[in-house]
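Given next are the chains, with one letter for each unit.
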Amino acid sequence: MPTGLTQDAGWEIGVSRTIHRPLNAVWDFVAGPEGAALWLGLDGPVPAEKGAPYRTADGVEGEIRSYRPGDRVRLTHGTSTVQVAVTPGSSEDRTVLRFHQERLASAEEREERRTHWKNVMDRIEAELT
């Protein structure tokens, strides 16, 4: 089976990076209005209620599947599923930020989303450091 192809979730991609900021600062940014605008295209914070619908600025619709404050949010995004998670890094001033997207249509879309999430990471890191 090719890298990135799973039996259950189709094509998927995961991107992670250690950010030199405390976990709460990273979570507050990605779940808040500035971060949600950057990685999801929302006008406002990520909805915190399971089942809450949302619509991005470019018209993609989805709903919140799970929301655990200070830990992770999982949501549908069109036909795919995205999860954003934060975990403690090697010290109190470091946090590992992860984006994972599954149910992608093809290897080409997987590579496109890899580039997208790496660019998102660059922008988040620039905002936070």
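Preceding this section is the structure that the text describes.
Note that the coordinates shown come from a computational prediction; the quantities given were computed from them, not determined experimentally.

Thresholds applied
Residues numbered from 1 in each chain as written. Predicted model: local features only at pLDDT ≥ 70, side-chain atom pairs only at ≥ 80, totals over all residues. Heavy atoms only, no water. Phe/Tyr/Trp six-rings, centres within 6.5 Å; stacked < 30°, edge-to-face > 60°. Helix = DSSP H or I, 4+ residues; strand = E, 2+ residues; numbered from the N terminus. Buried < 20%, exposed > 50% of the residue type's maximum accessible area, 1.4 Å probe, protein only. Core = buried A, V, L, I, M, F, W, Y, C linked by side-chain atoms within 4.5 Å. Contact = heavy atoms within 4.5 Å.

Some details on the packing of aromatic side chains
Applying the stated rule across the entire model yields four aromatic pairs. Residues Trp27 and Tyr67 carry aromatic rings whose centres are separated by 5.6 Å and whose planes lie at 65° to one another, so their mutual orientation is edge-to-face. Taken together, the residues span a long stretch of sequence, with Trp27 in helix H1 (residues 23–31) and Tyr67 in strand S4 (residues 61–68) at a distance of 40 residues. Tyr67 carries the same exposure label as Trp27, and that label is buried. One aromatic cluster is present, formed by Trp39, Phe99 and Trp117 through successive ring pairs.

Quick look at the nonpolar core
One finds Trp39, Val73, Leu97, Phe99 and Ile124 to be the most contacted residues of the largest nonpolar core, which totals 33 residues. Of all the secondary-structure elements, those providing two or more residues to this core are strand S2 (10–19), H1, helix H2 (33–39), S4, strand S5 (72–77), strand S6 (80–88), strand S7 (95–104) and helix H3 (107–128). With six residues, H1 is the largest single contributor of residues to this core. Every residue in contact with Leu97, bar those within four places of it in the chain, is listed here: Val15, Ser16, Arg17, Ile19, Val26, Val30, Val84, Ala85, Val86, Met121 and Ile124.

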